[in-house]
Every structure is written in structure tokens, then in C-alpha cells.
Amino acid sequence: LGMAINEVNLGTVVSQPFYSRKLLQKHDPQDLLKPKHFPMNGNYKIDLDKKDEKALEVLGALSHLSRYGRWDLLFAVNYLGSAPNFEACDVILRYLKYTLDSGFIFKKLIGEVPVLAAFSGAEFNRDNLGRSVGGHRLRLTTQGIYDVPENKKYEYVLSQGNSDFYLKSKRQSIATDSAPFAEFLQFHQCYKDVIWMRNVLEFLGFKQKTTLIFT
């Protein structure tokens, strides 16, 4: 499937350039697609009454790619799963062409205790039927996070440049009637995964203090 795992000075880089190239060669054999800087147009809304059968094969291949190494595609791919659209899939392929050799780096923590941090968010009423799209992600930071001022913690975690090691994005199963309700629902899903990962880390000998969940 073309997964590449490379050791560099900073840590481990995971990418799928070979699978990405094979996918583009199959669906763009004449190399006509113009690269794009983003995987989905911000104002795109799915139409549940219109499903493009031609898009199913492309979406299936992109789904594999988004789960195993290209998490930047995950939201767009999962959102289109409700109503596959070939033009929207075409945008993802164009973005893939622009980021062909991109990957994720998991940095080494030398002499540091890994500390869990989480991010949770939801977009209210994304499909105009009351269903919101929610997602959360987990990544590791260092114990220095406890010494950072409250308004700088988010910036501190991101500035370390370490990748998310767990990410989930999907349409919420419950219809919500407000943005805070949608956010709270996703926060609860994130909380359950945080408890699970805290137990894993503590089993490995990395005792956790307070876990920060940014929302």
C-alpha cells in the first residue's frame, strides 16, 4: 500500500507517497489536474438527494489514504461519505497532487515524560438537516505545558510541531439544536478517548497530571 516510515533526526516521519502517486495515475492518467492548496471548498454543502456513483471508487481509495497517514484529508473524505460527489472528490485529488510527498512527523521525546493533549470541535448544522460534523484529535506534548500561562497553552502545544497520533472526524449521530450542544456532544466523545489514552500512558509508566482538552 506504499506506506513510507522514515527515521530522521527529529523523530519518525510517516507518509504514503507511493500509494498517492498510484491513485493519481489511475484517476488522472494524462496529468491534467491543477494542484490546489486545500482539500475542500469552505462553502461546500452536501446534497443527500444527489449521490454520484462514479465518485464511490475514488472516495474508497481516498478513505484508505485518509485513515493511514493522510489525516489532513479525513474531514473532507468522511463528510463526502454521506453523499459522494465527483467534483468534490476532484478537489481532494487536486490537493493530493499539491501535497504528494507530505507526511506527519512524530518527534522524539528524549528525557521527557509525554503528556497528553486533546483538541475537540464541531460545526453546527453542516448538512442543513440538524446534523453537525464533529471531530477530535489527540497528540503528545511535554510537561512544560503546566508552566505555560493559560492563554499560551494552545500555542505552546502547536509550536512543538508534533503530529496527532489519533484523529476522528464524522457526522454526529444525534441531531442538535444549537452550536453549544454540538460542541458539548463532541467534547463528550473526545473525553472518552482521553480517558482510554491516559490509562494506556499510565500503564506504560507515564503518569499523567491534568489533561488539557482544547475546544
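Residues numbered from 1 in each chain as written. Predicted model: local features only at pLDDT ≥ 70, side-chain atom pairs only at ≥ 80, totals over all residues. Heavy atoms only, no water.

Draft legend 1. Focus on the nonpolar core. Counting residues in each nonpolar core, the largest one holds 27 residues, and the members touching the most others are Leu62 and Leu80. The set of elements that each furnish at least two residues to this core consists of helix H1 (17-27), helix H2 (55-67), helix H3 (74-80) and helix H4 (86-98). Ignoring any residue separated from it by four or fewer positions in sequence, one finds leucine 80 in contact with Met40, Tyr44, Ile46, Leu59, Ala88, Cys89 and Ile92. Leu116, Leu140, Cys190 and Val194 belong to the second-largest nonpolar core, a separate cluster that totals eight residues. (Core = buried A, V, L, I, M, F, W, Y, C linked by side-chain atoms within 4.5 Å. Buried < 20%, exposed > 50% of the residue type's maximum accessible area, 1.4 Å probe, protein only. Helix = DSSP H or I, 4+ residues; strand = E, 2+ residues; numbered from the N terminus. Contact = heavy atoms within 4.5 Å.)

Draft legend 2. Inspection of the sheet that holds strand E1 (residues 4-7) at higher detail. One open sheet holds the three strands; their spatial order is E1-E2-E3, and the pairing between them is antiparallel. Two strands close off the open sheet at either side, each with one partner strand: E1 and strand E3 (103-107). Averaged over neighbouring strand pairs, the angle between their axes works out to 20 degrees when direction is ignored. Pairing of strand E2 (residues 11-15) with E3, which is carried by five bridges, proceeds in the antiparallel orientation. Looking at E3, one finds that threonine 12 is bridged to phenylalanine 106. (Pairing = 2+ DSSP bridges. Axes fitted to C-alpha atoms, helices over the stretch in contact; angles between N-to-C directions.)

Draft legend 3. Highlighting H2. Across its 13 residues, H2 extends 18 Å between first and last C-alpha, which sits within 8% of the 18 Å expected from 1.5 Å per residue. Burial in H2 covers these residues: Ala55, Val58, Leu59, Ala61, Leu62, Ser63, His64, Leu65 and Ser66. The elements touched by buried residues of H2 are H1, H3 and H4. The positive-phi residue at the C-terminal boundary of H2 is glycine 69, with phi of around 125 degrees. (Expected span 1.5 Å × (residues − 1).)

Draft legend 4. Quick peek at the packing of H1 against H4. Running from amino to carboxyl end, H1 crosses H4 at an angle of 130 degrees, the nearest separation of the two axes being 10 Å. Our classification of the angle between H1 and H4 gives oblique. Where H1 crosses over H4, the handedness of that crossing is left-handed. On H4, the residues touching Ser20, Leu23, Leu24 and His27 of H1 are Leu93, Leu96 and Lys97. (Parallel < 35°, antiparallel > 145°, perpendicular 65-115°, else oblique. Left-handed = near helix turned anticlockwise from the far one by under 90°.)

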